Amino acid sequence: MSNQNDNDNWQDDNGTATQEAPPKLQKPRMYQVVLLNDDYTPMEFVVELIEQFFYKSRENATQIMLKIHTEGKGVCGVYTEDVAETKAAVVNQYSMDHQHPLLCQIEPCNDEEES
Ligand code: TYC
């Protein structure tokens, strides 16, 4: 072939550079959506919320709830920033609507945790 265009053969027959610039795309920063423990929200409410908003199985939702209950917080899902912020806002509104103090927040992935 006279005009290959791969990394080892970046000139055509006239000496013209033909190598394509690498795409300038970066992976989006990801955020984990975290639920915090409290002393008042019923366990069953938390399990159902995790099933409903984070599409987890009953078993997985129960494991996540128990982790939050014993360790103070737990990750329910990982999303791009916009999706994570929307998810946390919807969950917090839902908890308030049901008069529970359950709190949901987002944290950037791969950052040093302050807690
Ligand atoms: N600690 C709560 C209780 O004993 C249960 C609970 C679990 C609350 C997880 C919030 O994010 C939470 N009823």
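Our structure is the block above this text.
Scoring rules and cut-offs
- Residues numbered from 1 in each chain as written.
- Predicted model: local features only at pLDDT ≥ 70, side-chain atom pairs only at ≥ 80, totals over all residues.
- Heavy atoms only, no water.
- Near = heavy atom within 4 Å.
- Polar contact = N/O pair within 3.5 Å; in protein donor to acceptor, adjacent residues only side chain to side chain.
- Areas by Shrake-Rupley, 256 points an atom, 1.4 Å probe, with all protein chains shown as cover.
- Helix = DSSP H or I, 4+ residues; strand = E, 2+ residues; numbered from the N terminus.
- Phe/Tyr/Trp six-rings, centres within 6.5 Å; stacked < 30°, edge-to-face > 60°.
- Buried < 20%, exposed > 50% of the residue type's maximum accessible area, 1.4 Å probe, protein only.
- Lys NZ or Arg CZ within 6 Å of the ring centre and 35° of its normal.
- Contact = heavy atoms within 4.5 Å.

Caption draft 1: Just the site of the ligand, in detail. Surveying the vicinity of the ligand reveals the residues L36, N37, D38, T41, M43, V46, M65, I68, H69 and L102. Contacts to the ligand include N37, whose side-chain N or O atom sits 2.8 Å from a nitrogen atom. Residue T41 places a main-chain N or O atom 2.9 Å away from a nitrogen atom belonging to the ligand. For the ligand, whose accessible area on its own is 350 Å², the fraction buried by protein is 89%. When contributions to the shell around the ligand are tallied by element, the ones reaching two or more residues are helix 1 (43–54) and helix 2 (58–71).

Caption draft 2: Representation of the packing of aromatic side chains in the model. All told, the structure shown has two aromatic pairs when counted by the stated rule. Consider the rings of F45 and Y94, whose centres lie 5.6 Å apart with planes at 15°: the pair is stacked. Here the residue F45 occupies a position in helix 1, and Y94 occupies one in helix 3 (residues 81–97), the gap between them amounting to 49 residues. Among the residues examined, Y94 registers a relative accessible area of 22% and is labelled partly exposed. Clustering of aromatic rings is evident, with ring pairs tying together F45, F53 and Y94. The lysine or arginine in question, K87, covers the ring of F54, its NZ or CZ lying 5.7 Å from the ring centre.

Caption draft 3: Representation of the environment of S95 within the structure. Note that S95 resides in helix 3. The exposure class assigned to S95 is buried, which follows from its relative accessible area of 0%. Note: C-alpha distance between S95 and T41 (54 residues apart in sequence) is 8.9 Å. In contact with S95, other than residues within four places in its own chain, are F45, L49, H100 and L102.

Caption draft 4: Spatial organisation of unusual backbone geometry. The backbone phi angle of Y55 is positive, close to 55°, even though this residue is not glycine. Summarising the element assignment, Y55 is placed in the loop between helix 1 and helix 2. Of note, the phi angle at Q99 is positive, near 60°, even though the residue is not glycine. Take Q99: it is sitting in the loop between helix 3 and strand 3 (103–108).

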